[in-house]
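Inside the fold
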Amino acid sequence: MALAGSDSMEEGKGETFLLKAIKIGGVVVLYWFISITMVFLNNYLLDSKDLDAPLFVTFYQCLVTVGLCYGMHLLSHLCPGVIDFPSVKFDLKVCREVLPLSIVFIGMITFNNLCLKHVGVAFYTVGRSLSTVFNVLLSYVILKQTTSFYAILCCGIILGGFWLGVDQEGVAGSLSWTGVFFGVLASACVSLNAIFTKRVMPAVDGNIWKLSFYNNINACVLFLPLILVFGEVGHLVHFSRLGDPTFWGMMTLGGVFGFAIGYVTGLQIKFTSPLTHNVSGTAKACAQTVIAVVYNQSSKSFLWWTSNLMVLGGSSAYTWVKGMEMKKVHIPQEESKVKLLGEKSDAGV
């Protein structure tokens with residue numbers, strides 16, 4: 001955790017039920033606010049008609065994350081009793097060890113943003129819904145891990161909801177096959193990201209903040225040639241708001257929210273549980289979809305809403321099934337956190 005002082009188990013013993021409930025409610029609300037705001041903010045930045053440079057937007061957000069990690073590192077030395085953050089001194093050897101994950105990471109965040117750019121916030125939940133399915137598939141192919149019948153059944157519900165959602169977007173005339181394609185790629189990368197994260201964690205002493213620091217440093221370097229190859233430099237040169245402080249403020253805010261989601265995710269898990277966190281994430285996705293439809297004053301069919309409910313219901317059921325399976329085999333709490341988060345990553349979501 002970036003902020004010290006919530007060694008919660010012992011402190012919580014003397015708290016009343018009401019105080020605990022208020023704390024948990026506050027953390028969940030904070031998670032929802034930051035996560036939903038980040039999605040809408042990214043949609044605003046990526047949907048700009050004047051600037052068609054999604055790689056640059058993503059690069060800048062990674063750069064902000066690196067700066068914030070280093071800033072928190074400095075603050076932890078200045079205020080050791082208030083800020084608890086690991087040392088993040090640059091080490092080329094660690095960068096090389098984290099590089100395979102970083103390649104997957106830039107694919108994940110790039111395809112995620114491209115999906116959001118093309119499908120919008122309302123269809124984003126469905127468009128990016130296959131990460132659980134890919135997790136089951138890739139865990140079997142790469143890690144040789146089998147999955148229970150009930151978990152596969154949940155994946156079948158998610159797949160059904162995905163195809164129904166695609167069909168209904170097509171009926172409404174708002175389907176972007178490009179957005180769907182990027183959504184499928186983003187989902188695959190989310191699953192690969194979870195698998196590679198487990199492999200490289202020893203290189204950063206098992207610390208998620210160190211991993212974020214090195215991952216984003218690598219991403220910044222890898223994005224530079226991609227920005228050149230895809231011709232985004234030309235778009236930036238001719239962008240009329242390049243000197244506008246408001247534009248850079250929104251860009252920086254997007255990076256800050258990207259950094260903050262990592263903190264509030266950990267905070268929500270600490271105050272609840274990995275299972276509750278994933279249920280909260282599913283409910284948040286539902287609220288996010290409703291807000292987007294109301295905000296855009298869209299009219300959606302019954303089957304369109306059914307597709308969303310299938311995706312969200314299948315995801316929630318999968319989380320519950322995996323949670324029950326982990327309890328049966330007595331997987332330690334820390335390992336269960338990694339497994340559940342890996343199987344339903346919010347890119348983040």
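Residues numbered from 1 in each chain as written. Predicted model: local features only at pLDDT ≥ 70, side-chain atom pairs only at ≥ 80, totals over all residues. Heavy atoms only, no water.

What the protein chain contains, in helices and strands, is 14 helices and zero strands. Reading the helices (α) and strands (β) of the protein chain from amino to carboxyl end gives α-α-α-α-α-α-α-α-α-α-α-α-α-α. Taken over 349 residues, the protein chain has a buried fraction of 49%. (Helix = DSSP H or I, 4+ residues; strand = E, 2+ residues; numbered from the N terminus. Buried < 20%, exposed > 50% of the residue type's maximum accessible area, 1.4 Å probe, protein only.)

This part takes up the environment of Thr-37. When you line up the elements, Thr-37 lands in helix H2 (residues 17-46). Judged by relative accessible area, Thr-37 falls into the partly exposed class, the value being 26%. It is 9.1 Å that separates the C-alpha atoms of Thr-37 and Gly-254, two residues lying 217 residues apart in sequence. Apart from the residues lying within four places of it in its own chain, the contact partners of Thr-37 are Trp-32 and Phe-257. A distance of 2.5 Å separates a polar atom in the side chain of Thr-37 from the backbone oxygen of Phe-33. (Contact = heavy atoms within 4.5 Å. Polar contact = N/O pair within 3.5 Å; in protein donor to acceptor, adjacent residues only side chain to side chain.)

It is worth spelling out the packing of helix H3 (residues 54-78) against helix H4 (residues 92-119) at this point. Interaxial distance between H3 and H4 falls to 10 Å at its minimum, and their mutual angle equals 125 degrees. Taken together, the axes of H3 and H4 lie oblique to each other. At the point where H3 passes H4, the crossing takes the right-handed sense. Between H3, through Pro-54, Leu-55, Thr-58, Gln-61 and Cys-62, and H4, the contact on the second element is made entirely by Phe-105, Ile-109, Thr-110, Asn-113 and Leu-114. Class assignment of the residues belonging to the contact of H3 with H4 gives a composition of six nonpolar, four polar and no charged. (Axes fitted to C-alpha atoms, helices over the stretch in contact; angles between N-to-C directions. Parallel < 35°, antiparallel > 145°, perpendicular 65-115°, else oblique. Left-handed = near helix turned anticlockwise from the far one by under 90°. Nonpolar A, V, L, I, M, F, W, Y, C, P; charged D, E, K, R; others polar.)

Attention shifts here to a nonpolar patch on the surface. Together, Leu-137, Tyr-140, Val-141 and Ile-142 line one region of the surface with nonpolar side chains, adding up to about 380 Å² of accessible area. When you line up the elements, Val-141 lands in helix H6 (residues 131-143). (Patch = residues over 30% accessible without salt bridge, like charges linked within 9 Å, V, L, I, M, F, W, Y side chains within 5 Å. Areas by Shrake-Rupley, 256 points an atom, 1.4 Å probe, with all protein chains shown as cover. Salt bridge = Lys/Arg side-chain N within 4 Å of Asp/Glu carboxyl O.)

So, on to the UniProt feature "transmembrane region" (unreviewed entry) in the protein chain. Within this structure's numbering, the places UniProt gives as "transmembrane region" (unreviewed entry) are residues 20-41, 53-78, 123-143, 149-166, 178-196, 216-234 and 246-265. The distance separating the terminal C-alpha atoms of residues 53-78 is 38 Å; by composition the span is 96% helix and 0% strand. In residues 123-143, the share of helix is 81% and the share of strand is 0%. The end C-alpha atoms are 31 Å apart. (UniProt positions renumbered as here; feature names shortened; annotations may be inferred.)

Okay, the pattern of salt bridges next. The full count for this structure, using the stated rule, is six salt bridges. Here Lys-93 ties to Glu-97 by a salt bridge, and the two come within 2.8 Å at their closest N and O atoms. A residue pair is termed a helical-turn pair when its members lie 3 or 4 positions apart in one helix, as Lys-93 and Glu-97 do in helix H4 at four residues. For Glu-97, a relative accessible area of 35% gives the class partly exposed.

As a further point, take the side chain of Ser-280. Within the element layout of this structure, Ser-280 appears in helix H12 (residues 274-295). Of the polar contacts made by the side chain of Ser-280, one reaches the side chain of Trp-32; its length is 3.0 Å. Look past the residues within four positions of Ser-280 in its chain and what remains in contact with it is Val-28, Tyr-31, Trp-32 and Gln-268.

Phi is positive for Asp-205, close to 60 degrees, though the residue is something other than glycine. With respect to the element layout, Asp-205 can be found in the loop between helix H8 (177-200) and helix H9 (208-229). Backbone geometry places Gln-297, a non-glycine residue, at a positive phi of 55 degrees. Here Gln-297 lies in the loop between H12 and helix H13 (302-328).

Along its 22 residues, H9 runs 31 Å from first to last C-alpha, staying within 8% of the 32 Å computed at 1.5 Å per residue. The largest bend in H9 is about 25 degrees, located at Phe-223, with the proline Pro-225 one to four residues further on. Its side-chain oxygen placed 2.9 Å from the backbone nitrogen of Trp-209, Asn-207 serves as the N-cap of H9. Downstream of H9 by one or two residues, Gly-231 has phi in the positive range, about 70 degrees. (Expected span 1.5 Å × (residues − 1). Bend = angle between axes of the 7 residues up to and from the residue.)

In this section: the nonpolar core. Counting 86 residues, the largest nonpolar core has Phe-85 and Phe-223 as its most contacted members. No other element matches the twelve residues that H4 contributes to this core. (Core = buried A, V, L, I, M, F, W, Y, C linked by side-chain atoms within 4.5 Å.)

Note on placement: Asn-216 falls in helix H9. We classify Asn-216 as buried; its relative accessible area is 6%. At a separation of 2.7 Å, a polar atom in the side chain of Asn-216 contacts the main-chain carbonyl oxygen of Ser-212.

Here the focus is the confidence of the model for the protein chain. Scored by pLDDT, the protein chain comes out at a mean of 84, with 89% of its residues at no less than 70. With pLDDT under 50 throughout, residues 3-11 is counted as low confidence; its partners more than four residues away or in other chains account for eleven contacts. Scored below 50 in pLDDT, residues 333-349 makes 46 contacts in the model with residues more than four places away or belonging to other chains. (pLDDT = per-residue confidence, 0-100.)

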